[in-house]
Amino acid sequence: MTHPLLSLREGPVARLRLNRPELHNAFDAMLIAALTGALDAAAGDDEVRVVVIEGEGASFSAGADLHWMRGMAAAGEAENREDALALARLMRTLNELPKPTVARVQGAAFGGGVGLVACCDIAIAAPAAKFGLTESKLGLLPAVISPYVIEAIGARQARRWFATAEIFDAATALRIGLLHELVDEDQLDAAVARQVEQLLKAGPRAAAQAKQLVRRVAGERDGARLDADNAALIAALRVSAEGQEGLSAFLDKRKPNWAR
């Protein structure tokens, strides 16, 4: 049986490729478990500096596998809760991964596929990409992925797309903040490679902590506490081995030892 996830290494870059192209890389319990496990492994691997999430074939991910959904529809509420928690763990693991992440998006990204895009730090797509939070057409809602999608596109946009289940194009996804960059399909790999190259120029510790900083600042309402926490963070970074190397390299007009 073909494995639902390909885990590929290119030096310090881990490429996690959803590998169910005949089903448009739709989620089932096996794929969710495999991707969560691969992300956990990348988080614990000091040699991994960047993680790229991508899909094999014509689609990025068309959301939930219909056969899997049919089985869950026949299951009880407790079993459905455990199943939803597995997806929630995947999304949180990706969102909080202590490595920078890049989504390479082509074709369809629906439901949970949109969740993956929203959880990645950087999202780049081709013009043919299509997006949809289509759950309401099934009498459901994108509840598990909602924290990450709302963070990406804002509450005002989410209220529309969650309710209507409309399909929207890549230009709209760029406009509302789900994507960072839109490039011609034949330039997609080059654009991802350029972004990865930029990430590899950053200090590994700084890159790992960047998303934690953003999340903490965005959610903090106590200004004095925020200032104290930020001052402590920058002080620790400045005196760390990585910070010392970065500052020395800048002053010496050379590349730091982590730069490629």
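Cut-off values and rules
Residues numbered from 1 in each chain as written. Predicted model: local features only at pLDDT ≥ 70, side-chain atom pairs only at ≥ 80, totals over all residues. Heavy atoms only, no water. UniProt positions renumbered as here; feature names shortened; annotations may be inferred. Salt bridge = Lys/Arg side-chain N within 4 Å of Asp/Glu carboxyl O. Buried < 20%, exposed > 50% of the residue type's maximum accessible area, 1.4 Å probe, protein only. Helix = DSSP H or I, 4+ residues; strand = E, 2+ residues; numbered from the N terminus. Pairing = 2+ DSSP bridges. Contact = heavy atoms within 4.5 Å. Axes fitted to C-alpha atoms, helices over the stretch in contact; angles between N-to-C directions. 1 Å grid on protein atoms, 1.4 Å probe; cavity = no way out; pocket = protein on both sides within 12 Å on 5 of 7 lines; lining within 4 Å. Points joined across faces, edges and corners; volume = space filled by probe spheres on them. Nonpolar A, V, L, I, M, F, W, Y, C, P; charged D, E, K, R; others polar.

By the naming in an unreviewed UniProt entry, the chain goes by Enoyl-CoA hydratase-related protein and is assigned to Lysobacter firmicutimachus. Under the heading Sequence similarities (unreviewed entry), UniProt records this for the chain: "Belongs to the enoyl-CoA hydratase/isomerase family."

Looking now at the pattern of salt bridges. Proximity of charged atoms lets side chains of opposite charge pair with each other. In the structure shown here, the tally under the stated rule is 15 salt bridges. For arginine 20, the salt bridge identified is with aspartate 28, shortest N-O distance 3.4 Å. The exposure class assigned to aspartate 28 is buried, which follows from its relative accessible area of 15%. For the salt bridge of glutamate 77 with arginine 81, the shortest nitrogen-to-oxygen distance reads 3.3 Å. On the criterion of helical spacing, the pair formed by glutamate 77 and arginine 81 is a turn pair, its members being four residues apart in helix H3 (residues 77-95). Classification of glutamate 77 by relative accessible area gives exposed; the value is 63%. Using a relative accessible area of 44% as the deciding quantity, one classes arginine 81 as partly exposed. Salt bridges sharing partners connect three or more residues here, namely Glu10, Arg15, Arg17, Glu54 and Glu56.

What follows concerns the sheet that holds strand E2 (residues 13-18). The pairing of strands in a sheet comes from backbone hydrogen bonds and takes either a parallel or an antiparallel form. Taken in spatial order, the six strands of this open sheet run E1-E2-E3-E4-E6-E9, and their pairing is mixed. On the outer flanks of this sheet lie strand E1 (5-10) and strand E9 (181-182), each paired with one strand and no other. The strands touched by helix H1 (residues 29-43) within the sheet are E1, E2 and strand E3 (50-55), with E2 carrying the most contacts at an inclination of about 175 degrees.

By volume, the largest pocket is sized at about 950 Å³. Around the largest pocket sit 33 residues that line it, and Ala64, Met69, Glu135, Leu138 and Leu140 are the ones nearest its centre. Going through the elements one at a time, helix H2 (66-73) and H3 are the ones with two or more residues in the lining of the largest pocket. A total of six residues in the lining of the largest pocket trace back to one element, the largest contributor, which is H2. Partitioned by chemical class, the residues of the lining of the largest pocket number 21 nonpolar, seven polar and five charged. As a volume, the second largest pocket reaches approximately 450 Å³. Elements with a minimum of two residues in the lining of the second largest pocket: helix H4 (112-119), helix H5 (146-153) and helix H9 (204-219). Ranked by residues supplied to the lining of the second largest pocket, first place goes to H9 with five residues.

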